[in-house]
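Next come the chains, spelled out residue by residue.
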Amino acid sequence: MNSAKDTVEKLYKGNGKLYFACLLVGLITGTIVSCYRWALEEIGIFRKLYFSDINLNNPISLLKMWLIFIVVGLIVNYLFKKFPKTSGSGIPQVKGLILGRINYNNWFFELLAKFFAGVLGIGAGLSLGREGPSVQLGSYVGYGASKLLKTDTVERNYLLTSGSSAGLSGAFGAPLAGVMFSIEEIHKYLSGKLLICAFVASIGADFVGRRFFGVQTSFNIPIEYPLNINPYFQFVLYIVFGVIIAFFGKLFTVTLVKCQDIFNGVKLAREIKVSFIMTISFILCFVLPEVTGGGHNLVESLIHGKIVIYTLIIIFVIKLLFTAISYSTGFAGGIFLPMLVLGAIIGKIFGETVDIFAQTGADFTVHWIVLGMAAYFVAVVRAPITGVILILEMTGSFHLLLALTTVAVVSFYVTELLGQQPVYEILYDRMKKDDNVVDEENQGKITIELAVMAESLLDGKAISEIIWPEEVLIIAIIRNGVEKIPKGRTVMMAGDILVLLLPEKIVPEVKEKLMKHTSVE
């Protein structure tokens, strides 16, 4: 068992080996995620070609394909039941792993199951995205590396965060967004070591991804800045749009949760419910293929095509419902990309409406597609910095930075007024946790770091004013990069990093409890 002195000394040891391990995690994750992305693109092309070649006059081909969809659904359902931690997007699982509430007992086989379940499910037309599974695939790589290198829990979490950053970076070719998402959404605090670990892994994954897919951005969106439109008028529209899209963000979260409840509440065998949903996917692949799969091609069709507003409304409603229904199965697949698609549709509708009344032109309508993606992401996920950076990297529209920031802040603020929790917090709370998760190889006392956020319950309080969990010792406070030895009268401030020493067996419950005090949702 490690002594407290040995545990504290880990804070000051060299980080070269850790950074190198994070780089390897990034490169391996980049390779796996690139293969995953390639497989999804290929199976998507095959699905589109097959359905374009058959028609209602060829019932045998339709019957064969329908049976294939059912079989695929049953195979993915088997993988879901065999490896339940691979369900859904995987991001709540990563949060649970870092908080110590779940464990990857069969990480290698779960990685394989996540990969193939995602390819089959999304390939069969379910409205799910590749980004969540990519994040979890990266966490599996990070977890495997920690096992092979026999790291302690602290360094294991750095590797997990690095793998998650690399997963999102590889999924969208967005290394900065990968870093910010892991910090803003998963880890929820910032330190120099964490930042470097995430950056090294994210850049490594992006380097590999560029060897597969080239250097172009994820979305090919040509945009010209509308110099002929009054900037004050534009700014007012940005605020109005941010308010509108916040309500649609709440609609998305409510629909997602409601469909999960309905799916779980129906008293039928899972196989029957899955077969029904795969039948829906089969029908939509035939009659409305635009709403199937992640929806990448749908976004680009919005940019280059003129679509009637009521048609856009129909597409939005069906895409929203089908995404919620697809996610309710628990199949491997995320909501990132479908979210961006829904935001793009709202942006297209708003832009077309503005054009009707103000004659702003088609070029200005494209702006709203980009802004809609960012604002909708922020309204649902409540991660504004990640949302802005993600869309900037995916579109290359850096001259829209002010507009993106404006709609992101407005949608974030309005969503907060609506009392809407971040979607991944909701999904995490609804996720089944493991009981008594203990790492038998590393039992003892360890250090954990927690950040104090502005306006949290700890901000402005003295250490002696807080009732801390038993067996928890505050051994240091890091403020502006300088370590201080705390006393009872020491006042904690926003931006402080608390360094806690505690028995490893109680880390999960203590960390989850303290996270609610140190952060603001």
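Since we're looking at a predicted model, the values are computed, not measured.

Looking at this structure, how should I read the domain arrangement of the protein?
It is common to give the size of an interface as the accessible area that goes away when the parts come together. Partitioning the protein into structural domains gives domain 1 (10-213), domain 2 (231-430) and domain 3 (445-517). Listed as interface residues are 51 residues of domain 1 and, on the opposing side, 43 residues of domain 2. For the pair domain 1 and domain 2, the two sides together bury roughly 4,200 Å², of which 69% comes from carbon and sulfur. When residues of domain 1 are sorted by the area they lose upon contact with domain 2, Leu-126, Ser-127 and Leu-128 head the list and together hold 16% of the total. Run the count over domain 1 and domain 2 and you get 2 salt bridges. Among the ionic pairs, Glu-425 bridges to Lys-95, the shortest N-O distance being 2.9 Å. Counting across the domain 1 and domain 2 interface gives 25 residue pairs in polar contact (both at pLDDT 80 or more). Of all the elements in the fold, those that place two or more residues in the side of domain 1 that touches domain 2 are α2 (16-53), α3 (59-82), α4 (91-99), α5 (107-123), α6 (131-149), α7 (153-172) and α8 (175-187).

Looking at this model, I keep getting lost on the side chain of Lys-85. Mind explaining?
Position of Lys-85 among the secondary structure elements: in the loop between α3 and α4. Not counting residues within four places of it along the chain, the set of residues in contact with Lys-85 comprises Gln-93, Ile-102, Asn-103, Tyr-104, Asn-105, Glu-110, Gln-136, Tyr-140 and Asp-434.

Just to check I follow, could you spell out the packing of aromatic side chains for this structure?
For any pair of aromatic rings, the description consists of the separation of the ring centres together with the inter-plane angle of the planes. Summed over the entire model, instances satisfying the criterion amount to 20 aromatic pairs. Pairing Phe-115 with Phe-116 gives two aromatic rings, centres 5.3 Å apart and planes at 70 degrees, and the pair type is edge-to-face. For Phe-115, a relative accessible area of 15% gives the class buried. In this structure Phe-116 comes out as partly exposed when scored by relative accessible area, which is 48%. Consider the rings of Phe-181 and Phe-336, whose centres lie 5.3 Å apart with planes at 90 degrees: the pair is edge-to-face. Taken together, the residues span a long stretch of sequence, with Phe-181 in helix α8 and Phe-336 in helix α14 (residues 336-358) at a distance of 155 residues. Accessibility expressed as a relative area gives 1% for Phe-181, which makes it buried. On the basis of relative accessible area, Phe-336 is assigned to the buried category, the value being 1%.

Before we go on, may I ask you to explain the sheet that holds strand β2 (residues 473-479) in this structure?
Backbone hydrogen bonds are what pair the strands of a sheet, in a parallel or an antiparallel way. With respect to topology, 4 strands assemble into an open sheet ordered β1-β4-β2-β3, the strand pairing being antiparallel. The sheet terminates laterally at β1 (445-451) and β3 (482-484), the two strands that pair on one side only. Neighbour-to-neighbour, the strand axes of this sheet turn through a mean angle of 25 degrees, independent of strand direction. Across 3 bridges, the pairing between β2 and β3 is antiparallel. What sits directly across from Arg-479, in β3, is Val-482.

Explain unusual backbone geometry to me, please; I cannot follow it from the model alone.
Peptide bonds are mostly trans, and most non-glycine residues show a negative phi. In this model, Lys-150 sits at a positive phi of 55 degrees, which is unusual for a non-glycine residue. Structurally, Lys-150 is set in the loop between α6 and α7. Looking at Lys-150, the relative accessible area reads 69%, which means it is exposed. Its identity as a non-glycine residue notwithstanding, Gln-359 has a phi of 55 degrees, on the positive side. By the secondary structure assignment, Gln-359 is in the loop between α14 and α15 (362-381). Assessed through its relative accessible area of 64%, Gln-359 is described here as exposed.

Any chance you could explain the nonpolar core here in plain terms?
Side chains of a nonpolar character, in soluble globular proteins, are inclined to be buried together. Counting 132 residues, the largest nonpolar core has Phe-336, Met-339 and Tyr-424 as its most contacted members. Sort the elements by how many residues they give to this core and α15 lands first, with 14 residues. Lining this core are residues from two domains, each supplying at least three of them: domain 1 (10-213) and domain 2 (231-430). When near neighbours in sequence (up to four residues on either side) are disregarded, Met-339 contacts Phe-252, Tyr-376, Phe-377, Val-380, Val-381 and Tyr-424. Among the nonpolar cores identified, the runner-up in size contains 19 residues, and Val-452, Ile-463, Ile-477 and Leu-514 belong to it.

In this structure, what is going on with the side chain of Ser-169? I would like to understand it.
Structurally, Ser-169 is set in helix α7. For Ser-169, a relative accessible area of 0% gives the class buried. Ignoring anything within four residues of it in the chain, the contact list for Ser-169 reads Ala-174, Pro-175, Gly-178, Ser-202, Ala-205 and Asp-206.

Please clarify how the environment of Gly-163 should be interpreted in this entry.
Mapping Gly-163 onto the fold places it in helix α7. Measuring from C-alpha to C-alpha, the distance between Gly-163 and Val-135 comes to 7.2 Å, with 28 residues separating the pair along the chain. Residues within four places of Gly-163 in sequence aside, it is in contact with Val-25, Thr-29, Val-135, Gly-138 and Ser-139.

Explain α6 here, please?
Count 3.6 residues to each turn of an α-helix, and residues three or four apart come out pointing the same way. End to end, α6 covers 27 Å across 19 residues, agreeing with the expected 27 Å (1.5 Å per residue, within 8%). With 16 of its 19 residues buried, α6 lies for the most part within the structure. The positive-phi residue at the C-terminal boundary of α6 is Lys-150, with phi of around 55 degrees.

Which parts of the structure should I look at to understand the packing of α3 against α5?
The angle between the axes and the distance between the axes are what describe a pair of packed helices. At a minimum axis separation of 10 Å, α3 and α5 run at an interaxial angle of 155 degrees. When the axes of α3 and α5 are compared, the pair comes out roughly antiparallel. Crossing handedness for the pair α3 and α5: left-handed. Only Ala-113, Ala-117, Leu-120 and Gly-121 of α5 make contact with α3, whose side of the interface consists of Val-72, Ile-75, Val-76 and Leu-79. A breakdown of the residues in the contact of α3 with α5 according to their chemical character gives 7 nonpolar, 1 polar and no charged.

What is the right way to look at the layout of surface pockets in this model?
To find the voids left in a structure, one rolls a probe of water-molecule size over its atoms. Here the largest pocket defines a volume of roughly 1,100 Å³. With 10 residues, α2 is the largest single contributor of residues to the lining of the largest pocket. Looking at the lining of the largest pocket, you find at least three residues from each of domain 1 (10-213) and domain 2 (231-430).

What counts and what doesn't
Residues numbered from 1 in each chain as written. Predicted model: local features only at pLDDT ≥ 70, side-chain atom pairs only at ≥ 80, totals over all residues. Heavy atoms only, no water. Domains from an automatic or database assignment. Contact = heavy atoms within 4.5 Å. Buried area = accessible area lost by both parts, 1.4 Å probe. Salt bridge = Lys/Arg side-chain N within 4 Å of Asp/Glu carboxyl O. Polar contact = N/O pair within 3.5 Å; in protein donor to acceptor, adjacent residues only side chain to side chain. Helix = DSSP H or I, 4+ residues; strand = E, 2+ residues; numbered from the N terminus. Phe/Tyr/Trp six-rings, centres within 6.5 Å; stacked < 30°, edge-to-face > 60°. Buried < 20%, exposed > 50% of the residue type's maximum accessible area, 1.4 Å probe, protein only. Pairing = 2+ DSSP bridges. Axes fitted to C-alpha atoms, helices over the stretch in contact; angles between N-to-C directions. Core = buried A, V, L, I, M, F, W, Y, C linked by side-chain atoms within 4.5 Å. Expected span 1.5 Å × (residues − 1). Parallel < 35°, antiparallel > 145°, perpendicular 65-115°, else oblique. Left-handed = near helix turned anticlockwise from the far one by under 90°. Nonpolar A, V, L, I, M, F, W, Y, C, P; charged D, E, K, R; others polar. 1 Å grid on protein atoms, 1.4 Å probe; cavity = no way out; pocket = protein on both sides within 12 Å on 5 of 7 lines; lining within 4 Å. Points joined across faces, edges and corners; volume = space filled by probe spheres on them.

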